[in-house]
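Commentary on secondary and tertiary structure
Each chain is listed here by its residues.
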Amino acid sequence: MALKSVTDASFLEDVLQSETPVLVDFRAPWCGPCRQLAPSLEAIAAQHGEKIKIVKLNIDENPETAAAYGVLSIPTMNVFVGGQVSKTIVGAKPKAALERELDAFLNA
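A short tour of the structure in this document, coming up. Quick caveat: nothing in here was measured; it's all calculated off a predicted structure.

1. Things to note about the sheet that holds strand 1 (residues 4-5)
- Spatially, 5 strands are ordered 1-3-2-4-5 in an open sheet, and the strand pairing comes out mixed. Strand pairing shows two members of the sheet lacking a second neighbour, strand 1 and strand 5 (84-90), which therefore form its edges.

Okay, here's the thing in structure tokens:
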């Protein structure tokens, strides 16, 4: 299951106006740790899709959104709830560690 890509243009509708919490994976195609993280995020999305949406944003193609949220290193994952950043996770982590970080959203 491929994660949906969001852009500077679709960010408001896809993320900020979402009724469900949204994890945004700020990434780039050349980023090795970002590629390592992708299968874990896809598995979490498949398993918990009704509780949290997971999307990806290419920072090279969408610099405005990355800059607006102060993304300086990738991968950075921000969880948005009600249009606000509720949690930030920086760096690639194994699936189990990501699920622990996201526990409040997955078991809400």
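There's more to say after this.
2. Focus: the state of the cysteines
- If you walk through the whole model with that rule in mind, you get 1 disulfide.
- For Cys31, the disulfide goes to Cys34, at an S-S distance of 2.3 Å. Given an S-S torsion of about 80°, the disulfide between Cys31 and Cys34 has right-handed geometry. Just as Cys31 is buried, Cys34 falls in that class too.

3. Focus on the side chain of Asn62
- Looking at the element boundaries, Asn62 is found in the loop between strand 3 (53-58) and helix 3 (63-68).
- Reaching out from Asn62, the side chain makes a polar contact with the backbone nitrogen of Asp8 at a distance of 2.9 Å.
- Here Asn62 is in contact with Val6, Thr7, Asp8 and Leu57, once residues within four sequence places are set aside.

4. Looking at the pattern of salt bridges
- In this structure the tally under the stated criterion is 4 salt bridges.
- Residue Lys87 pairs with Glu101 through a salt bridge whose shortest N-O separation is 3.3 Å. Of this pair, Lys87 sits in strand 5 while Glu101 sits in helix 4 (residues 95-101), placing them 14 residues apart in sequence.
- Of the residues examined, Lys87 reaches a relative accessible area of 26% and is grouped as partly exposed.
- With a relative accessible area of 28%, Glu101 lands in the partly exposed category.
- Lys95 is the partner of Glu99 in a salt bridge, and the nearest nitrogen-oxygen pair spans 3.2 Å. Linking Glu99 with Lys95, this pair stays in helix 4, spanning 4 residues, or about one helical turn.

Rules behind the numbers
- Residues numbered from 1 in each chain as written.
- Predicted model: local features only at pLDDT ≥ 70, side-chain atom pairs only at ≥ 80, totals over all residues.
- Heavy atoms only, no water.
- Pairing = 2+ DSSP bridges.
- Helix = DSSP H or I, 4+ residues; strand = E, 2+ residues; numbered from the N terminus.
- Disulfide = S-S within 2.5 Å.
- Buried < 20%, exposed > 50% of the residue type's maximum accessible area, 1.4 Å probe, protein only.
- Polar contact = N/O pair within 3.5 Å; in protein donor to acceptor, adjacent residues only side chain to side chain.
- Contact = heavy atoms within 4.5 Å.
- Salt bridge = Lys/Arg side-chain N within 4 Å of Asp/Glu carboxyl O.

In short, geometric facts, not functional conclusions.
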